[in-house]
Amino acid sequence: MFHRHPFLSLTTFAYLGFVGWVTLTPISSAPTSSDFIERVLARLQRHDDLSWLTYDRAEFLANIALFVPVGLFLLLLVGTRFWWVAGLGAFVLTSVIENVQRSIPGRVPDERDVLANTAGALLGILIGLVLTFPATRRRARARRTTRATAARQPSRV
């Protein structure tokens, strides 16, 4: 699978490295530990339409967004026929991340993160399925045509 798609594989591993950096860095040096985020949220909450956007909700939405590319990349690597393998892989990945966070100073594992990350990956898989649907239909049509042609050929014994 990786040798057939070297650029996609490299991009996937690079993004997974980024996800590891964001999720497995000790909280004191984590890229997400910033007063900037709290200032942005405070400014957004001044608007009536965004008063619902608390830090916890923003973090939940960020976890979803972080894993959308994971689902998309895994789908492209395993293929649309095995979309469920991409979903299972994303669930396993996020479960491992949350378990590893138990031993990282300042990190707090949370079951909601598993839900948000898996939802994000499933959203990425859905986006990938929609984007690749035309090509998937063309390949299926070509396979049916090849099989029909082969069935009409007299067998040579």
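Small disclaimer: the values here were computed from a predicted structure and weren't measured. For every chain, the first residue of its written sequence is number 1, and the numbers climb from 1 along that sequence. Per-residue local features are limited, in this predicted model, to residues with pLDDT of at least 70; the limit for side-chain atom pairs, both in listing and counting, is 80 or more; totals at the level of whole chains, interfaces and linings are taken over all residues. Think of the side-chain values as coming from all heavy atoms in the structure, minus any hydrogens and water.

## Quick word on the nonpolar core
The nonpolar core is taken to be a set of buried Ala, Val, Leu, Ile, Met, Phe, Trp, Tyr and Cys residues, with the residues joined through side-chain atoms within 4.5 Å. Think of it in three bands: residues with accessible area under 20% of the maximum for their type are buried, residues over 50% are exposed, and the middle band is partly exposed, with areas taken using a 1.4 Å probe on protein chains only. Grouped together as the largest cluster of nonpolar side chains are 16 residues, with contacts concentrated most on Tyr15, Val19, Leu66, Phe67, Val70, Leu74 and Ala86. Going along the chain from the N terminus, every DSSP run of H or I of four or more residues is numbered as a helix, and every run of E of two or more is numbered as a strand. Only helix H1 (6–24), helix H3 (55–78), helix H4 (83–100) and helix H5 (111–152) provide two or more residues apiece to this core. The element best represented in this core is H3, accounting for 7 residues. Residues within four places of Leu66 in sequence aside, it is in contact with Tyr15, Phe18, Val19, Val22 and Thr23. Should any heavy atoms of two residues lie within 4.5 Å, those residues are considered in contact.

## So, the environment of Thr80
Along the chain, Thr80 turns up in the loop between H3 and H4. Separated by 49 residues in sequence, Thr80 and Leu129 place their C-alpha atoms 6.5 Å apart.

## Brief notes about the pattern of salt bridges
Here a salt bridge means any side-chain nitrogen of Lys or Arg lying within 4 Å of a carboxyl oxygen belonging to Asp or Glu. Tallied over the entire structure, the rule returns 1 salt bridge. The partner of Asp110 in a salt bridge is Arg112, with the nearest N and O atoms 2.7 Å apart. According to the relative accessible area criterion, Asp110 is buried, its value standing at 18%.

## Notes on the layout of surface pockets
Using a 1 Å grid laid over the protein atoms alone, points where a 1.4 Å probe fits but cannot get out form a cavity; open sets with protein on both sides within 12 Å along at least 5 of 7 lines form a pocket; any residue with an atom within 4 Å of a point counts as lining. Grid points are joined across faces, edges and corners, and a volume is the space filled by probe spheres set on the points. Considered as a void within the structure, the second largest pocket measures approximately 400 Å³ in volume. The wall of the second largest pocket is formed by 17 residues, among which Val78, Gly79, Thr80, Arg81 and Arg139 lie closest to the centre. Counting residues per element, the ones that place at least two in the lining of the second largest pocket are H3 and H5. Element by element, the count of residues in the lining of the second largest pocket is highest for H5, at 6 residues. Residue polarity is assigned by list, with Asp, Glu, Lys and Arg as charged and Ala, Val, Leu, Ile, Met, Phe, Trp, Tyr, Cys and Pro as nonpolar; anything else, Gly included, falls into the polar class. For the lining of the second largest pocket, the class distribution of residues is 8 nonpolar, 5 polar and 4 charged.

## Focus: a positive patch on the surface
A cluster of like positive charges, contributed by Arg81, Arg137, Arg138, Arg139, Arg141, Arg143, Arg144 and Arg147, occupies part of the molecular surface. Structurally, the position occupied by Arg137 is in helix H5. Patches here are clusters of residues that have more than 30% relative accessible area and form no salt bridge, with a 9 Å joining cutoff for like charges and a 5 Å cutoff for nonpolar side chains (Val, Leu, Ile, Met, Phe, Trp, Tyr). Each accessible area is a Shrake-Rupley result for a 1.4 Å probe, and residues are judged covered by the shown protein chains and nothing else. For the purpose of charge, His is not counted, nor are the chain termini; Lys and Arg are scored as positive and Asp and Glu as negative. By convention, charge coordinates are those of NZ in Lys, CZ in Arg, CG in Asp, or CD in Glu.

## Focus: the environment of Val114
Tracing the sequence through the fold places Val114 in helix H5. Relative accessible area serves as the criterion here: at 16%, Val114 is assigned to the buried category. Along the backbone, Val114 and Glu98 are 16 residues apart, and their C-alpha atoms lie at a distance of 7.3 Å. In this view, Val114 contacts Phe91, Thr94, Ser95 and Glu98; residues no more than four positions away in its chain are not counted.

## Details of the confidence of the model for the protein
A low pLDDT score tells you not to read the predicted coordinates there in detail. Residue-level pLDDT values for the protein average 86, and 91% of them are 70 or greater. Confidence of the predictor at the level of single residues is given by pLDDT, which spans 0 to 100. Per-element averaging of pLDDT across the protein places helix H2 (residues 35–45) at the bottom with 77 and H4 at the top with 96.

## A word on the packing of H3 against H5
Helix axes are fitted to C-alpha atoms over the stretch in contact, other axes to C-alpha atoms as well, and angles between N-to-C directions run from 0 to 180 degrees. Contact geometry of H3 with H5 gives a least axis separation of 6 Å together with a crossing angle of 45°. Comparing their axes, H5 and H3 come out oblique. In the packing of H3 onto H5, the handedness of the crossing is right-handed. Throughout, the term roughly parallel applies to angles under 35 degrees, roughly antiparallel to angles over 145, roughly perpendicular to angles from 65 to 115, and oblique to all others. Whether a crossing is left-handed or right-handed is set by the direction in which the near helix is turned from the far one by less than a right angle, anticlockwise for left-handed and clockwise for right-handed.

## Some thoughts on a nonpolar patch on the surface
Residues Leu24, Phe82, Trp83, Trp84, Val85, Leu88, Phe91, Val92, Val96 and Val100 make up a contiguous nonpolar surface patch of roughly 880 Å² in combined accessible area. Of all the elements, H4 adds the most residues to the nonpolar patch, at 8 residues. For Phe91, the position within the fold is in helix H4.

## A look at the packing of H1 against H4
Each pair of packed helices can be described by the angle between their axes along with the distance between the axes. Running from N to C, H1 and H4 point in directions that differ by 30°, and their axes come no closer than 10 Å. In this structure, the crossing between H1 and H4 has a hand that is right-handed. In this structure, H1 uses Leu16, Val19, Thr23 and Leu24 to contact H4, whose residues at the interface are Leu93, Ile97 and Val100. Tallied by class, residues from the contact of H1 with H4 come to 6 nonpolar, 1 polar and no charged.

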